[in-house]
Amino acid sequence: MTVLTSYPVNEINGNIQVPGDKSISHRALIIGAVAAGETTICGLLEGEDVLKTAKALLAMGIDTAPDERGNWHVHGAGIGGLAQPSTVLDLGNAGTGARLLMGLLATHDLTAHFTGDASLRKRPMDRVATPLELIGARITSTQGNMPLMISGTEQPIPIHYHMPMPSAQVKSAVLLAGLNTPGVTSVTEERSTRNHTELMLSNFGATVNTEELPNGHHLISLIGQPELKAQKINVPGDPSSAAFPLVATLLSPAGKLRIDNVGINPLRSGLFTTLSEMGANINFLNPRSEAGEPVADIEVESARLRGVVVPSERAPTMIDEYPILAIAAAFAHGRTCMRGLSELRIKESDRLATITKGLVECGVSVNIEGDDLIVNGAGGKIKGGGHVKTHMDHRIAMAFIVAGASAEKPVSIDDGSSIDTSFPNFKDIMSKVGAIIR
Ligand code: S3P
């Protein structure tokens, strides 16, 4: 346990870059592993979650390692080319790594055992097991949780799967299973979720189509058994990591920050929309595209934020950002109502509960009504002074560190070690721009 305390500061200021996008990093390794040839990845997030995925691929015969400049090389084995794993696949805290790999393995003729840390072992895996069993894989789990065993099928059946929940991980697991399946594998989404898998598969040469249906749902289809060609991938900075220094700047009495090279995929940018509605002025400079992903440099300054209603339809585009949005809402003038957050209960922690308890510790008035989170903004500084339990959740840890930087009194968290899963140099970067974290 690494107790950390964040002390109030007057200024957050500077020019930074944040580490590579976690979602894109997992996908670059996984798709590179089944492409033909050597994929080079620049800016891969070297956080614990992604390193667990690399290690799991290594156990299945995929040679993947960084060079002396930090660029990663993945020697792809081609579609269906993974070998029987030599060890139990321990994905640590990484839900994305676990669920995407389960999808990929579902159509390989091998048997794998998956496990993870105490947080991952509580998270539902039946949401991916259900469609993968329809394809023909056999999965034995502990009541839908890890540890679990998956035996891939040699004779996969192409399925159409209507997703009962908005989840990019479930969609990606089905599409990755579809890679080694003859015919067309497809998924419908009632609400669009991040499309990094679709964009990256297209870049590697697969045929993936997304079509809007008359009822507003989206149909994503993949033609199976494509020949994927190795790529050079530049991973953009993670908008979900940029969110922490960005909100710290908004809340700071004298804040001014530039964050270079951040992914601004519209299916990830709900937080930017919400903060703008709350009164933030966020500028997107030099818009460009990296491997099909929109990227920009972001400039932001201190702002007087006001409470808003965040509609449930927006939740999939900012699903990882509610912890830090709740902090912004706590400092805002008026009430913020975030609607439709049932998916937050099954993240790295039960985030509805951990956010609420943490805010109460810091003197903020907050309540949960059904699946909605309501934060009554302090209209300026929050009291702070709390000791927050993070429950192995990196985003809860970082959110409350940001709260401490602008509160009246310091805020402590019980354990900062989970931060390494997604933002290994968080403390250094926050200190560089003026935060005091000990
Ligand atoms: C992710 C999808 C989201 C998100 C997670 C990363 C991905 O999860 O919360 O951090 O990379 O596909 P769900 O698919 O459970 O919504």
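Our structure is the block above this text.
The present account deals with the structure reproduced in this document. Keep in mind that this is a model prediction, so the values were computed, not measured. (Residues numbered from 1 in each chain as written. Predicted model: local features only at pLDDT ≥ 70, side-chain atom pairs only at ≥ 80, totals over all residues. Heavy atoms only, no water.)

**Brief notes about unusual backbone geometry**
Inference 1: The omega torsion across Met146 and Pro147 is 0°, close enough to zero to call that bond cis.
Inference 2: Within the secondary structure, Pro147 is located in strand β9 (residues 145-151).
Inference 3: Phi is positive for Gln225, which is not a glycine, with a value near 50°.
Inference 4: With respect to the element layout, Gln225 can be found in the loop between β13 (218-223) and β14 (232-234).
Inference 5: Exposure remark for Gln225: the relative accessible area of 46% places this residue in the partly exposed category.
Inference 6: At His391, a position not held by glycine, the phi torsion is positive, near 50°. (Helix = DSSP H or I, 4+ residues; strand = E, 2+ residues; numbered from the N terminus. Buried < 20%, exposed > 50% of the residue type's maximum accessible area, 1.4 Å probe, protein only.)

**Remarks on the packing of helix α8 (residues 270-277) against helix α9 (residues 322-331)**
Inference 1: Taken N-terminus to C-terminus, the directions of α8 and α9 make an angle of 5°; their axes are 11 Å apart at the nearest point. The angle between α8 and α9 falls in the class roughly parallel. Judged by residue contacts, Leu271, Thr274 and Leu275 of α8 engage Ile324, Leu325 and Ala328 from α9.
Inference 2: Here the contact of α8 with α9 is composed, by residue class, of five nonpolar, one polar and no charged. (Axes fitted to C-alpha atoms, helices over the stretch in contact; angles between N-to-C directions. Parallel < 35°, antiparallel > 145°, perpendicular 65-115°, else oblique. Contact = heavy atoms within 4.5 Å. Nonpolar A, V, L, I, M, F, W, Y, C, P; charged D, E, K, R; others polar.)

**Quick notes on the layout of surface pockets**
Inference 1: There is about 510 Å³ of room inside the largest pocket.
Inference 2: Forming the boundary of the largest pocket are 34 residues, of which Gln169, Arg194, Ile319, Asp320 and Lys347 lie nearest the centre.
Inference 3: Listed by contribution, the elements that provide at least two residues to the lining of the largest pocket are α1 (22-33), α3 (95-105), α5 (168-178) and α11 (394-406).
Inference 4: In terms of residues, the lining of the largest pocket owes the most to one element, α1, which gives four residues.
Inference 5: Split by residue class, the lining of the largest pocket holds seven nonpolar, twelve polar and 15 charged.
Inference 6: Each of domain 1 (4-19 + 236-437) and domain 2 (22-234) gives at least three residues to the lining of the largest pocket.
Inference 7: Each pocket or cavity is described by its volume, and for the second largest pocket that value is around 240 Å³.
Inference 8: Along the wall of the second largest pocket there are 16 residues; nearest its centre are Lys122, Glu348, Ser349, Asp350 and His391.
Inference 9: Grouping the constituent residues of the lining of the second largest pocket by class yields five nonpolar, four polar and seven charged. (1 Å grid on protein atoms, 1.4 Å probe; cavity = no way out; pocket = protein on both sides within 12 Å on 5 of 7 lines; lining within 4 Å. Points joined across faces, edges and corners; volume = space filled by probe spheres on them. Domains from an automatic or database assignment.)

**Here we look at the site of the ligand**
Inference 1: The ligand sits among Ser23, Arg27, Thr96, Pro166, Ser167, Ala168, Gln169, Arg194, Ile319, Asp320 and Lys347.
Inference 2: Between the ligand and Ser23, the relevant distance is 2.7 Å, taken from an oxygen atom to a side-chain nitrogen or oxygen of the residue.
Inference 3: Ser167 has a polar side-chain atom sitting 2.7 Å from an oxygen atom of the ligand.
Inference 4: Relative to its unbound accessible surface of 380 Å², the ligand loses 95% to contact with the protein. (Near = heavy atom within 4 Å. Polar contact = N/O pair within 3.5 Å; in protein donor to acceptor, adjacent residues only side chain to side chain. Areas by Shrake-Rupley, 256 points an atom, 1.4 Å probe, with all protein chains shown as cover.)

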